[in-house]
Amino acid sequence: MKIDVFTLFPGWFEWFAEQRHVRNAVALGHGLAAVDLRSTTPLRAGQVDDTPYGGGAGMVIRVDVVEAALRARWDADPVEGRGPRRVVALAASGRLFDDALASELAAEDEVALLCGRYEGFDERVHEHLATDVVSIGPYVLAGGELAAMVVCDAVLRKLPGALGHESSAVEESFSPALEGAPEYPHYTRPAQWRGHGVPAVLSSGDHARVRAWRLERSRERAGPR
Ligand code: ADE
């Protein structure tokens, strides 16, 4: 898959692109690019935002600026020629990001992530350029960059081969393998630490019992449903 992140701060993604699972994904033929929204702005002097109609504090990223960036990247009209691409605008007001959406995005060929700044995007970006508006949690970030990294991280690690140890992404918190529940607890050496031991079943060698114990702990963590 190919992920393009449209941002006013492409430099933020240089560090992210260096991380092991991201490099693994790229080595497998996937792509991650940070695209500078300012580089294609149709406005003078690199302007990308404007004052809000109706007044109020802060600036709003203009819809024509986002349109120009997508048009330049796709060489197509971003409304008529979006094709099957997923265009995700990051905003605190969006649908809450979860494991199911991460899996959905990981199955796409092309995903564009739009990072807002200041007061965010002109609403017409959400309505006419984006296919999804996504929030990573009920709090307000200074911009969508960290949210985009969270989305990239969760999506890229699902790509076969990205983690380097295949089963990890299958049986993990919130996955169908665990019925959507949080993952069971893990233990490693030492067997005793300050008087705290490890559940005996994990050293029993009985795989069926271990499996049953893990499922039980996982269900416990999910709480009553
Ligand atoms: N931009 C600002 N806050 C955000 C959030 N919680 N999620 C996604 N994008 C954001």
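Residues numbered from 1 in each chain as written. Predicted model: local features only at pLDDT ≥ 70, side-chain atom pairs only at ≥ 80, totals over all residues. Heavy atoms only, no water.

## Some thoughts on unusual backbone geometry
The following threshold applies: Strands here are runs of E lasting at least two residues and helices are runs of H or I lasting at least four, both read from the DSSP assignment and numbered beginning at the N terminus.
The amide bond that connects Arg-189 to the next residue, Pro-190, takes the cis arrangement and shows omega of 5°. Checked against the element boundaries, Pro-190 lands in the loop between α6 (145-156) and α7 (207-222).

## A short note on the domain arrangement of the protein chain
Under the convention used in this document: An automatic or database domain assignment provides the domain bounds reported here.
Once the domains are mapped, the protein chain shows domain 1 (2-156) and domain 2 (176-222). Using C-alpha coordinates to define each centre, domain 1 is positioned 39 Å away from domain 2.

## Some remarks on the side chain of Arg-86
Stated precisely, the cut-off is as follows: Buried, partly exposed and exposed residues are distinguished by accessible area as a fraction of the type maximum, computed with a 1.4 Å probe on protein chains only: under 20%, between the cut-offs, and over 50%, respectively. What makes two residues a contact is simply this: any of their non-hydrogen atoms within 4.5 Å.
Tracing the chain through its elements places Arg-86 in strand β5 (residues 86-96). For Arg-86, a relative accessible area of 12% corresponds to the buried category. In this structure, Arg-86 is in contact with Leu-101, Glu-104, Leu-105, Glu-108, Glu-110, Val-111, Ala-112, Thr-131 and Asp-132, ignoring residues within four places of it in sequence.

## Topic: the site of the ligand
Here is the rule: Throughout, near means a residue has at least one heavy atom within 4 Å of the molecule or strand. What qualifies as a polar contact is a pair of N or O atoms within 3.5 Å, subject to a donor-acceptor requirement within protein and to the restriction that residues adjacent in sequence count only when both atoms come from side chains. Calculation of accessible area relied on Shrake-Rupley with a 1.4 Å probe; when residues are assessed, cover is drawn exclusively from the protein chains displayed. Amino acid classes used here: Ala, Val, Leu, Ile, Met, Phe, Trp, Tyr, Cys and Pro are nonpolar; Asp, Glu, Lys and Arg are charged; the rest, including Gly, are polar.
In the region of the ligand, the neighbouring residues are Leu-90, Ala-91, Ala-92, Val-134, Ser-135, Ile-136, Gly-137, Tyr-139, Val-140, Leu-141, Gly-143 and Ala-147. Leu-141 places a main-chain nitrogen or oxygen 2.9 Å from a nitrogen atom of the ligand. Bound to the protein, the ligand loses 94% of the 260 Å² it would expose on its own. Looking at the shell around the ligand, the elements that each hand over two or more residues are β5 and β7 (132-135). Per-class residue counts for the shell around the ligand are nine nonpolar, three polar and no charged.

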